[in-house]
Each structure stands twice: as structure tokens, then as C-alpha cells.
Amino acid sequence: MSENEANIDNAVMCPRCRTVVTWPSSLSDGDKSSIAQTARFNALEGTKRLHDQFGLDLRQAKGAALHITRIPGQCHRCKAPVSGAISVCPNCRSANLDW
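Computed from a predicted structure; not experimentally measured. (Residues numbered from 1 in each chain as written. Predicted model: local features only at pLDDT ≥ 70, side-chain atom pairs only at ≥ 80, totals over all residues. Heavy atoms only, no water.)

Asker: Please explain the pattern of salt bridges as it appears in this structure.
Answerer: It is possible for side chains of opposite charge to pair when their charged atoms get near one another. For the structure on display, the rule yields two salt bridges. The residue Asp 52 makes a salt bridge to Lys 48 at a minimum N-O spacing of 2.7 Å. Taken as a pair, Asp 52 and Lys 48 lie in helix H3 (residues 43-54) at a separation of four residues, close to a single helical turn. Take Asp 52: its relative accessible area is 48%, and that puts it in the partly exposed class. (Salt bridge = Lys/Arg side-chain N within 4 Å of Asp/Glu carboxyl O. Helix = DSSP H or I, 4+ residues; strand = E, 2+ residues; numbered from the N terminus. Buried < 20%, exposed > 50% of the residue type's maximum accessible area, 1.4 Å probe, protein only.)

Asker: Any chance you could explain the nonpolar core here in plain terms?
Answerer: Taken as a class, soluble globular proteins show a tendency for nonpolar side chains to be buried jointly. Of all hydrophobic cores here, the largest spans 17 residues; its most connected members are Val 12, Val 21, Trp 23, Leu 50, Ile 68, Leu 97 and Trp 99. Those elements that place two or more of their residues in this core are strand S1 (8-14), strand S2 (19-24), helix H2 (29-41), helix H4 (58-66) and strand S4 (95-97). Sequence-distant contacts of Leu 97, that is, excluding residues within four places in its chain, are made with Val 12, Val 21, Trp 23, Ala 64, His 67, Ile 68, Thr 69, Ala 85 and Ile 86. Grouped together as the second largest cluster of nonpolar side chains are five residues, Cys 75, Ala 80, Val 82 and Cys 89 included. (Core = buried A, V, L, I, M, F, W, Y, C linked by side-chain atoms within 4.5 Å. Contact = heavy atoms within 4.5 Å.)

Asker: Teacher, can you tell me more about the side chain of Asp 98 here?
Answerer: Mapping Asp 98 onto the fold places it in the segment after S4. Within the local environment of Asp 98, its side chain forms a polar contact with the side chain of Thr 69, the two groups lying 2.8 Å apart. Leaving out residues up to four positions away in the same chain, Asp 98 has contacts with Arg 40, Thr 69, Pro 72, Gly 73, Val 82, Gly 84 and Ala 85. (Polar contact = N/O pair within 3.5 Å; in protein donor to acceptor, adjacent residues only side chain to side chain.)

Asker: Sorry, what's going on with a positive patch on the surface here?
Answerer: A cluster of like positive charges, contributed by Arg 16, Arg 18, Arg 77 and Arg 93, occupies part of the molecular surface. You can see Arg 77 is positioned in the loop between H4 and strand S3 (86-88). (Patch = residues over 30% accessible without salt bridge, like charges linked within 9 Å, V, L, I, M, F, W, Y side chains within 5 Å. Areas by Shrake-Rupley, 256 points an atom, 1.4 Å probe, with all protein chains shown as cover. Lys, Arg positive; Asp, Glu negative; His and termini not counted. Charge placed at Lys NZ, Arg CZ, Asp CG, Glu CD.)

Asker: Hey, could you run me through the packing of aromatic side chains in this one?
Answerer: In this structure the tally under the stated criterion is one aromatic pair. For the ring pair Trp 23 and Trp 99, a centre distance of 5.6 Å and an interplane angle of 75° mean the geometry is edge-to-face. One end of the pair, Trp 23, is in strand S2; the other, Trp 99, is in the segment after S4, with 76 residues separating them in the sequence. Classification of Trp 23 by relative accessible area gives buried; the value is 2%. In this structure Trp 99 comes out as buried when scored by relative accessible area, which is 13%. (Phe/Tyr/Trp six-rings, centres within 6.5 Å; stacked < 30°, edge-to-face > 60°.)

Asker: Explain H3 here, please?
Answerer: For an α-helix the count is 3.6 residues per turn, leaving residues at separations of three or four pointing the same way. With twelve residues, H3 should cover 16 Å at 1.5 Å per step; its first-to-last C-alpha distance of 16 Å lies within 8% of that length. For H3, the set of buried residues is Gly 46, Thr 47, Arg 49 and Leu 50. Along H3, the residues classed as buried sweep out an arc of 160° about the axis, all on the same side. If you follow the buried residues of H3, they end up packed against H2 and H4. Measuring from the side-chain oxygen of the N-cap residue of H3 to the backbone nitrogen of Leu 44 gives 2.9 Å; that N-cap residue is Asn 42. Two residues or fewer after H3 comes Gly 55, characterised by a positive phi angle close to 75°. (Expected span 1.5 Å × (residues − 1). Arc of directions from axis to C-beta.)

Written out as C-alpha cells, the structure is:
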């Protein structure tokens, strides 16, 4: 088991793209909010931050950044309302990180 795998224990399965979206358990609410703000502005920069600052490999970082809601409270894919910080959209079945 790699060091990254040992630090990952938060995950959600995205039925839409069949990806397991993971993030480090060490992320504070402030970290999540900051990452979401970055990813909402630029998903590539969000991916880079998750990789550089929090040690996710590039696949994990990209998966997390692309599942962050673009507008808080709305599915990143279909814009239907989502509830909770981590959810699967009942409309399009995409996982959402509404940080």
C-alpha cells in the first residue's frame, strides 16, 4: 500500500462515470472550501492544488476536482439541486462534492 492509499479514507463512487472519487481525511473544512473555490474558478488549478499541497496522485486529484460543484448547491453536471457536502445527484447520477 502506498503512502497516498494509506492517507485516503474518504470516497464516493460516481455511478455516472464509474470513478471512485477520493480525498484525504486530513482535509479540514477550510481546506475543502479553499479547494472548492479554486476548482470552481479553474478545475486544472484545483487539480494542481490537490496534487501539490495534499499529496493526491494526479488521477485522484483530477477526479476530486472535476466532481466539485461549479455552483454551490447545484450538480456539477446537470445543475439539479444537491443536498449535503457529498452526494449523488438523483437526476443524472453524478457524484458531487459540494464543499
